[in-house]
Structure formats: structure tokens, C-alpha cells
Amino acid sequence: KLCLRVLSKGLTTKPQWDIITGVCVERLPVVTPPLNDIQKKYKELLWTIEVEKSLKSDHEIRHENDKIQAELLKSDTHDVDIDAVSKITAQDMEDAATEELSQFKFGSIETEADKKGDKTNSDRCLQRHLVLVAPVKLGTDVRTILPQGKWQEGETLRQTAERVLEEYCGKDLKVQFLSNAPCGFYKYKYPQSSQTDNSIGAKVFFYYANYQGGAVDGKEKNFNWLTRNELKELLPPRYNKSVQEFLIEETW
């Protein structure tokens, strides 16, 4: 019994790590990003293969028939039914379509949030990935990192992630978690002055979710949607390195 008491006492006084769940909410590009060199070459290859293997379209066949009818009209040796000849040729339709295309203007991908430099709005940088960051209290300091919270007994880590996101962002924000398992990991030690309850630090398990719609609760004004480069500038270096490991690298 004495040995059990000693062992039990030793287990309860052993320094422990807090289990934390962080949530990476990412808004995917709304507008297709520019193609890099490899993508451009691959696109050209696919187009070449498509042209080589494709059959003639109805427009091309009509265009050839129009040429044949035009040659017959020039010849006096053939009788041509004028009524059977199309009054609007395939070339006329092609010219009209080309003229209409020349007058078409693409809409600007620069939004009002871009013009104002508003990072609190997800409607910005439409060709880039954006990640939601929030002010999180760590000891006596407040750092801007991914939303995170402590695991509670009886929860799975996925349930903790869902609860934390709702507590931080409200119920209006709609996301889709892609896995029941964490996608990343990070740990840090608490300062000596803030170590309590035998906790020497935190082990953070990251979960990844795609933004589907809605907005962050308006009561909190410090949420930001940041690009990859903005994350590097704002997040602590070691923390940012752990986050970047499970994010898709942008090629431009």
C-alpha cells in the first residue's frame, strides 16, 4: 500500500502538458490563380492533343459547305438553287461573334476590401488562399494566431476543434472539416511565472477546415484573413513553420 501511495503521489506531481486544439480555416481562391510555366506548357499540350484528335464541328462543316456553294455560284456550268443557299454564312456568324467578343470586358478582381485594405473581410485577394487568424490570450500576452482552445475531458480532438471555432467565431461561420485526425502539431513551454497545475506547456494539434460561407461574429473586431506572406510576417516563426507544413504552397 505504501508503494502504491508513493507511486500515485509521484504520478500526480509529474509535470504535464495541456492538450490544445487549433483550427486552420482556409478560404480557397475564388478566381483561378495565374498559371505557372509548367501549367502553361501542359495546357498547350492538352490543346494540341484535343485539336489533333477532335472531329470537325457543325460550324466547320457549315463553313466548308458555304465555300462550295460560293464556288458553284461563280461557275456558269452549274445550276444552283438560290433559295437553298444560306443567306447568313458561317463566316458571317464568326465575324459577328468576334465583334461581340472584342467589346466584352472582364470584371475586375479587385474588391472593395482590397481597395480599403480591409483584412477582416474574406472577400479580398480572390486569387489567393486566405487563412483566418484570431487574437488568442497566451498567459499575460495576446498573440494573433489560429483560433485555439483547451481540450476538455470526454471530447474528441475533432469535437474540441468544432467547439473552439464556434466559441471564437460564432455560429454564422460555415466551414467543412476535412478529417477527424489532426493535420499538424506544435508545442511550446509556458513561462516559469505562468506555470500552474503542474502544466509546463501546451501541445497544439491543428485541424484543417475549408471556409464555406457566413461571417465571423461581429462582436470581435480583430479577426483577419491573411495570405501566405502575411502569415509569415505576423505569426511567430516556429509557429508559422508548423502551420506552413500542412498548407498548400502557392506558386506565384
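Each value, and the rule that gives it
- Once a new chain begins, its residue numbering starts again from 1 and follows that chain's sequence as written.
- Totals for whole chains, interfaces and linings use every residue, but because this is a predicted model, local features are given only for residues with pLDDT of at least 70 and side-chain atom pairs only at 80 or more, for both listing and counting.
- Neither water nor hydrogens contribute to the side-chain values; these are computed over all heavy atoms in the structure.
- UniProt positions are given in the numbering used here, feature names are shortened, and annotations may be inferred rather than shown by experiment.
- A pair is scored as a salt bridge if a Lys or Arg side-chain nitrogen falls within 4 Å of a carboxyl oxygen belonging to Asp or Glu.
- A helix here means a DSSP run of H or I that spans at least four residues, while a strand means a run of E at least two residues long, and both kinds are numbered starting from the N terminus.
- Residue burial is assigned from relative accessible area. The probe radius is 1.4 Å, only protein chains are included, and a residue is buried under 20% of its type maximum, exposed over 50%, and partly exposed in between.

An unreviewed UniProt entry annotates the protein chain as Large ribosomal subunit protein mL46 of Papilio xuthus. Looking at the Subcellular location (unreviewed entry) heading of the UniProt record, one finds this comment for the protein chain: "Mitochondrion".

## Some remarks on the pattern of salt bridges
Taken as a whole and assessed by the stated rule, the structure comprises ten salt bridges. A salt bridge links Asp18 to Lys150, with the shortest nitrogen-to-oxygen separation between them at 3.6 Å. Of the two residues, Asp18 is situated in strand β1 (residues 16-27) and Lys150 in strand β4 (residues 148-150); the sequence distance between them amounts to 132 residues. Exposure remark for Asp18: the relative accessible area of 13% places this residue in the buried category. The class for Lys150 is partly exposed, based on a relative accessible area of 47%. For Arg128, the salt bridge is made with Glu250, and the minimal N-O distance between the two is 2.9 Å. Of this pair, Arg128 sits in the loop between α5 (112-116) and β2 (130-138) while Glu250 sits in the segment after α8 (237-244), placing them 122 residues apart in sequence.

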